[in-house]
Amino acid sequence: MAPSLEYDVPLRPRRLRRTENIRRMARETRLSTDHLIAPLFVMDGENNREEVSSMPDTYRHTIDRLVDKAEALDALGIPAVALFPAIPEALKTPDARHALEPDHLYPNAIRALKEAVPDLMVITDTALDPYNADGHDGIVKDGQIVNDATIDVMQEMAVLHAEAGADIVAPSDMMDGRVGRIREALDAAGHSDIAILSYTAKYSSSYYGPFRDALDSAPKDEAEAPDKEIPDNKDTYQMDPANGEEAVRELMLDLDEGADMVMVKPALPYLDVIHRVQQHSDVPVAAYNVSGEYAMIKAAAQNGWLHKEKCALEALTGIRRAGADLILTYFAEDAAHWIRE
Ligand code: PBG
């Protein structure tokens, strides 16, 4: 180590690494259950759950089992869940109209959660992909994902979710201008106290693969798509993985439209984006540690190649260090246990 410029003594950063207690004193980043949000998948049926094949130990739950899971998460001190529905293929249409049914699976699940665990914050998703026969987050016309007609549906979805008891509405679709228009719709319906968590910088990522398995919601390829012109990727609305500056531009728009919280997604390949967004944001920043990031650690751990707990906690700490205030992660429940121990 080079000597100090003024005194002839070596500088020794290792002094602060000597014991666990001195390391705790010097620690810059904290990870607590306060920072964790658990994504949950709900499906039709009773007293049942199905493991997502590409996401070991993560399940689609029927509403009754979802409530049990939510009670466990609440007891662990996890403040919020983000809910996603697995809609039967037969109910999916090109106009995603099932999303607006007042008593289908999703609003019923929201009501059940709020009744059983009222304090647990329920974050709902307003994108159309679980309901859309094409697997896209928006309405598809002539091979294009149409922006404003999609927002019309999302406005109604947001109000439906708020009426069912949602605390936070989260548009994950990347249509332009949707935050402001969802805000208007919520306020007009008397839900001015419902917050919006915007998926601000959501990248067109291949790390969403296991999530699309969970909901069977992958964009259809040419063989399956009813309309052959439908693109089999989300590149015209989700962001290009090569772009960082553009995330700041999206952030400015979302803040201007009234987003209460913002999000970067995925997390680990985009730590620099989390950092940039955090530097420019005056609202809480969330990061989504997505399904593929979870699957990588789980698969390697199953092979005995990585230590699951240590790698997961290191990843979550890294996401916090990059600047995320909140982390959506399929490790939420496990991490809450690990942090307690
Ligand atoms: C869709 C949506 C996706 C995820 C959350 N909402 C997938 C996609 O955009 O295709 C991915 C989450 C994950 O991979 O864990 N609106």
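Okay, so let's go over this structure. (Residues numbered from 1 in each chain as written. Predicted model: local features only at pLDDT ≥ 70, side-chain atom pairs only at ≥ 80, totals over all residues. Heavy atoms only, no water.)

Here the focus is the packing of helix H3 (residues 105-116) against helix H4 (residues 147-164). Two elements in contact, H3 and H4, have axes separated by 8 Å at closest approach and are oriented at 30 degrees. By the angle class used here, H3 and H4 are roughly parallel. In this structure, H3 crosses over H4, and the sense of that crossing is right-handed. Note on element contacts: H4 touches H3 through Leu160, His161 and Ala164, opposite Tyr106, Pro107, Ile110, Arg111 and Lys114. Partitioned by chemical class, the residues of the contact of H3 with H4 number five nonpolar, one polar and two charged. (Axes fitted to C-alpha atoms, helices over the stretch in contact; angles between N-to-C directions. Helix = DSSP H or I, 4+ residues; strand = E, 2+ residues; numbered from the N terminus. Parallel < 35°, antiparallel > 145°, perpendicular 65-115°, else oblique. Left-handed = near helix turned anticlockwise from the far one by under 90°. Contact = heavy atoms within 4.5 Å. Nonpolar A, V, L, I, M, F, W, Y, C, P; charged D, E, K, R; others polar.)

Looking at the ligand, there are 17 residues lining it, with Arg212, Lys234, Lys265, Ser291 and Tyr330 nearest. The side chain of Arg212 places a nitrogen or oxygen atom 2.6 Å from an oxygen atom of the ligand. In the model, an oxygen atom of the ligand is placed 2.6 Å from a nitrogen or oxygen of the Tyr330 side chain. Calculation on the ligand without its partners gives an accessible area of 400 Å², and the protein chains cover 100% of this total. (Near = heavy atom within 4 Å. Polar contact = N/O pair within 3.5 Å; in protein donor to acceptor, adjacent residues only side chain to side chain. Areas by Shrake-Rupley, 256 points an atom, 1.4 Å probe, with all protein chains shown as cover.)

A word on the packing of aromatic side chains. By the definition in use, this model includes ten aromatic pairs. By way of ring pairs, the aromatic residues Phe41, Phe84, Tyr199, Phe211, Tyr288, Tyr294, Tyr330, Phe331 and Trp338 are connected into one cluster. It is Arg49 that lies over the ring of Tyr59; its NZ or CZ is 3.7 Å from the centre. The side chain of Lys202 reaches across the aromatic face of Tyr208, ending 5.4 Å from its centre. (Phe/Tyr/Trp six-rings, centres within 6.5 Å; stacked < 30°, edge-to-face > 60°. Lys NZ or Arg CZ within 6 Å of the ring centre and 35° of its normal.)

End to end, helix H7 (residues 245-256) covers 17 Å across twelve residues, agreeing with the expected 16 Å (1.5 Å per residue, within 8%). Within H7, burial applies to Ala247, Val248, Glu250, Leu251 and Asp254. Down the axis, H7 shows its buried residues gathered within 160 degrees of arc, on one side only. Among the exposed residues of H7, those oriented more than 90 degrees off its buried face are Glu245, Arg249 and Asp256. Buried-residue contacts for H7 involve helix H5 (178-188), strand S9 (195-202), strand S10 (261-265) and helix H8 (271-280). One or two residues past the end of H7 sits Gly258, with phi positive at roughly 100 degrees. (Expected span 1.5 Å × (residues − 1). Buried < 20%, exposed > 50% of the residue type's maximum accessible area, 1.4 Å probe, protein only. Arc of directions from axis to C-beta.)

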